[in-house]
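# Close look at the chain arrangement
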Amino acid sequence: MNIMLLGAPGAGKGTQAKYLIENFGIPQISTGDILRAAVKSGTEMGIKAKNYMDKGELVPDDVILGIIKDRLAEDDCKKGFILDGFPRTVAQADSLEVVLKELGKKMDGVIALTVKDEELITRLTGRRVCKDCGSSFHIKFNPPKVENICDYCGGELIIRKDDNIDTVKNRLEVYKKQTEPLIEYYRNKGSFIEINGEQDITAIRKDIVEALKGE
Ligand code: AP5
Ligand code: ZN
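Residues numbered from 1 in each chain as written. Chains lettered and ligands numbered in written order. Predicted model: local features only at pLDDT ≥ 70, side-chain atom pairs only at ≥ 80, totals over all residues. Heavy atoms only, no water.

By the naming in an unreviewed UniProt entry, the protein is Adenylate kinase, taken from Haliovirga abyssi. As its UniProt record puts it under Sequence similarities (unreviewed entry), the protein is described as follows: "Belongs to the adenylate kinase family." What the UniProt record of the protein gives under Subunit (unreviewed entry) is the line "Monomer." (UniProt positions renumbered as here; feature names shortened; annotations may be inferred.)

Put into structure tokens, the structure is as follows:
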């Protein structure tokens, strides 16, 4: 099963991806997580990406496409994958079509999570992420079992550098200009599923799994 999660920053892509990994036994490919790992280890790509990420701007398409092409060709993607945070521009979506064709694959479900801006801001400013495995929590909506400790790996929870209010506002603007057009791009293709992302986390999870069963 090849799944794509589309949605604004804070829509819940990472949160739902964690459950889809369990449900379908397929890996999550988060371009944001891959870039953050590159920043952390100080690679050339990480140094280049950091300036864009800290401002809430998109990293150039050529950098992202290099990452995706290599990752999709890995063995663990043979039984399926979950794209989280990619594609984010029409150019990235067009390139994805070419890469999938080359690999003899297609998308089975393109899931758009819709959430209004006000709610996105509350979610992102209250988010805490694991500094070791990247899992997302929320101080109010999805608190960890033990304060500031990751449920999955025991790592410390921190505030992501781009989750301050000014950067969040810019990320939402960038989303509207550059990424939102992808909703119409995919709506007219097969396997498009729109889900109300304002429900609670469990209800969204159920809706996604149900919708994917029909695909
Ligand atoms: P990326 O890491 O992809 O960030 P993003 O798209 O801004 O998305 P987020 O991770 O912020 O949100 P999410 O939808 O995963 O929400 P989450 O589940 O955590 O990208 C970061 C940067 O990298 C970009 O700005 C860009 O610079 C660069 N980049 C990455 N990919 C790129 C690409 N393809 N091209 C170019 N540049 C790229 O949930 C958010 C919070 O809400 C959490 O606290 C969570 O607990 C809570 N929550 C989740 N669901 C619910 C719910 N239903 N109800 C209540 N709270 C909820
Ligand atoms: Zn963790």
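From this point, the narrative continues.
Turning to the site of ligand 1, a few remarks are in order. For ligand 1, the set of nearby residues contains 37 residues, the closest of which are Thr15, Glu57, Arg88, Phe137 and Arg171. Interatomic distance of 2.6 Å between a side-chain N/O atom of Thr15 and an oxygen atom of ligand 1. In this structure, Arg171 approaches ligand 1 through a side-chain N or O atom, which is 2.6 Å from an oxygen atom. Contact with the protein chains covers 97% of the free accessible surface of ligand 1, which is 1,000 Å². Elements that contribute at least two residues to the shell around ligand 1 include exactly helix H1 (13-24), helix H2 (31-41), helix H6 (117-125), strand S6 (136-138) and helix H9 (201-213). The element contributing the most residues to the shell around ligand 1 is H2, with four residues. For the shell around ligand 1, the residue count by class is 14 nonpolar, 13 polar and 10 charged. (Near = heavy atom within 4 Å. Polar contact = N/O pair within 3.5 Å; in protein donor to acceptor, adjacent residues only side chain to side chain. Areas by Shrake-Rupley, 256 points an atom, 1.4 Å probe, with all protein chains shown as cover. Helix = DSSP H or I, 4+ residues; strand = E, 2+ residues; numbered from the N terminus. Nonpolar A, V, L, I, M, F, W, Y, C, P; charged D, E, K, R; others polar.)

With that settled, consider the side chain of Thr167. Here Thr167 is to be found in helix H7 (residues 165-179). Here Asn164 takes part through its side chain, which lies 2.9 Å from a polar atom of the side chain of Thr167. Contacts of Thr167, omitting those with residues within four sequence positions, involve Met53, Asp54, Lys55, Gly56 and Asp162. (Contact = heavy atoms within 4.5 Å.)

Turning our attention to H7. Taking 1.5 Å per residue as the helical rise, H7 with its 15 residues ought to reach 21 Å, and the 20 Å between its terminal C-alpha atoms agrees with that figure. By the burial criterion, the buried members of H7 are Thr167, Val168, Arg171, Leu172, Val174, Tyr175 and Thr179. For H7, the buried positions fall inside an angular range of 165 degrees around the axis, keeping them on one side. The exposed set on the far side of H7, more than 90 degrees from its buried face, consists of Asp166 and Lys177. The inward-facing, buried residues of H7 abut strand S1 (2-7), helix H3 (44-55), H6, strand S5 (127-130) and helix H8 (181-187). (Expected span 1.5 Å × (residues − 1). Buried < 20%, exposed > 50% of the residue type's maximum accessible area, 1.4 Å probe, protein only. Arc of directions from axis to C-beta.)

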